[in-house]
Amino acid sequence: MTRAISLHDVSKTYTRGVRVVDRLSLDIAPGEFLVLLGPSGCGKSTVLRMIAGLEEVTEGQLLLDGEYANHLIPAERDVAMVFQNFALYPNMTSRGNIGFPLRVENPGADPGPRVDATARMLGIEDLLDRYPGQLSGGERQRVAMGRAIARHPSVFLMDEPLSNLDAKLRNHLRAEIARLTRELGVTTVYVTHDQAEAMSLGDRVAVLRGGVLQQVGSPRSVYALPRNVFVAAFIGTPRINLLRGLVRAPLDGAMTISLGKQFLRLPEPLSLDHQLLRVQQGREVIVGLRSEAIRIAKRADARPGEAVLTGLVEHVEFQGHEVLVHFNTGSQAAVVPDLEAPRPVARPSRRRRREGSGVLDRLRERAGSLRAGPVVALDDPPDTAPRPAEPRLPGDLVVRTTPDIDLRHGMQVPLLVDIAHLFVFDQHGERISPAPARLPDLDE
Ligand SMILES: Nc1ncnc2c1ncn2[C@@H]1O[C@H](COP(=O)(O)OP(=O)(O)OP(=O)(O)O)[C@@H](O)[C@H]1O
Ligand SMILES: [Mg+2]
């Protein structure tokens, strides 16, 4: 059996005034594999624990198969959880550990056949008579997974189940989890802060920041059309290049985006998305370029739709099958705060309510909290203290290339930018090009 999970405007408050999960709405289909992705502290585990019934829902509704479920105790929800710090009973063998929940649920029945079938599925038959102390980390994690699977729950909730394992094992088990959950067809909500894991596992990925849902969609859609600069920067390796730019749209000349010392000329005739950028004339924006949008080639080789920049090689990162080249183009990188650990901001809601209770105030408050603050602030408000300087990375533009190109520090190289892959975000970090309206049809 598998079930649908719906969250309607679900919030969680531990300390007064701080919503660690802020009006989250999500519909998870039966059998779907949904990944909750976000940096440390953004509320992923809290969401999972609310679905499991281990944490109370402060506001909003949780529905299981369309039925109101806020009040159900964990045992009534038929969910199985796998944690990062899974605990096996040290004095029981793997067989005992996997069979334990079955014996608790149904003391009269023999758990043997279920345990054997589960072990076969996980390829751990030969580990059944060993104690946890006699297993490696990966083997223990498989036994923990077996304990969750053997119960045949209708929902799997997995909270960073692989993060204690080394990279190779993690990749291996990741593939196994994908296969298993597909075979079992059980609705799965999987929490991770690792975007590569999210992209490779999820039918859909839900990106959280500071307790607020930023975007939910297929891995392909969140990568190709990130709704804001936070999602763009959080998803994809190497991280998307984000540069501060200024839109110049003279009535009688070509439209360009100035990047400090150089500029990107938008190819003519202007696409519809670029025509819409005209209203940004004179405004600061953030230009987003993924490393694959830029290639190293002679100016003369530029194709229609490519703009030319020049980069000074600052650093060459050899990665075997490819090379990442860090260039200095004389532009300024846009800093996206919160990528590593955003903190929901305490809202002085009581004071605000007393000061103004008009519709406008309520709307304003709602708009503010929906975003958990702007994703990025290009103009620091005057009363904020200066931020500590970001660690300076070499260069401002990272380009991915093949290892056969011989580049050395200090070389000047022409860079061809595929403008079809250009993202432009406004001062608050919201995507303005490609136009936001294009988001819904991508998955159709
Ligand atoms: N019991 C609690 N009491 C008060 N605050 C809490 C409690 N549990 C979690 N929090 C806070 O809620 C926020 C979200 O925590 P949560 O554990 O859901 O984050 P997370 O996204 O799972 O992070 P991580 O990736 O580090 O596991 C954090 O700021 C955390 O400090
Ligand atoms: Mg967590």
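A short tour of the structure in this document, coming up.

What counts and what doesn't
- Residues numbered from 1 in each chain as written.
- Chains lettered and ligands numbered in written order.
- Predicted model: local features only at pLDDT ≥ 70, side-chain atom pairs only at ≥ 80, totals over all residues.
- Helix = DSSP H or I, 4+ residues; strand = E, 2+ residues; numbered from the N terminus.
- Buried ≥ 20, exposed ≤ 12 C-beta atoms within 10 Å, placed from the backbone.
- Contact = placed C-beta atoms within 7 Å.
- Near = placed C-beta within 6 Å.
- Nonpolar A, V, L, I, M, F, W, Y, C, P; charged D, E, K, R; others polar.
- Pairing = 2+ DSSP bridges.

## Focus: the overall build of the chain
Secondary structure summary: the chain contains eleven helices and 21 strands in total. The buried share of the chain, taken over its 444 residues, is 37%. When contacts within the chain are restricted to residue pairs at least 6 apart in sequence, those whose partners lie at least 24 apart make up 73%.

## Focus on the site of ligand 1
Around ligand 1, a shell composed of Tyr-14, Val-20, Gly-38, Ser-40, Gly-41, Cys-42, Gly-43, Lys-44, Ser-45, Thr-46 and His-193 is seen. When residues of the shell around ligand 1 are assigned to their parent elements, the largest contribution, three residues, is made by helix α1 (residues 44–52). Per-class residue counts for the shell around ligand 1 are three nonpolar, seven polar and one charged.

## Side note on the pairing of strand β10 (residues 212–217)
Counting buried residues in β10 gives six out of six residues, a clear majority hidden from the surface. Of the pairings in the sheet, the one linking strand β9 (residues 204–209) to β10 comprises five bridges and is antiparallel in character. Within β10, the residue paired with Leu-208 across the bridge is Leu-213. The hairpin formed by β9 and β10 contains two residues between the paired strands, and Gly-210 there has a positive phi angle of roughly 50°.

## What to know about the environment of Lys-261
Summarising the element assignment, Lys-261 is placed in the loop between β12 (256–258) and β13 (263–265). For Lys-261, a count of 12 C-beta atoms within 10 Å translates into the label exposed. Beyond its immediate stretch of four places on either side in the chain, Lys-261 contacts Gly-330 and Ser-331.

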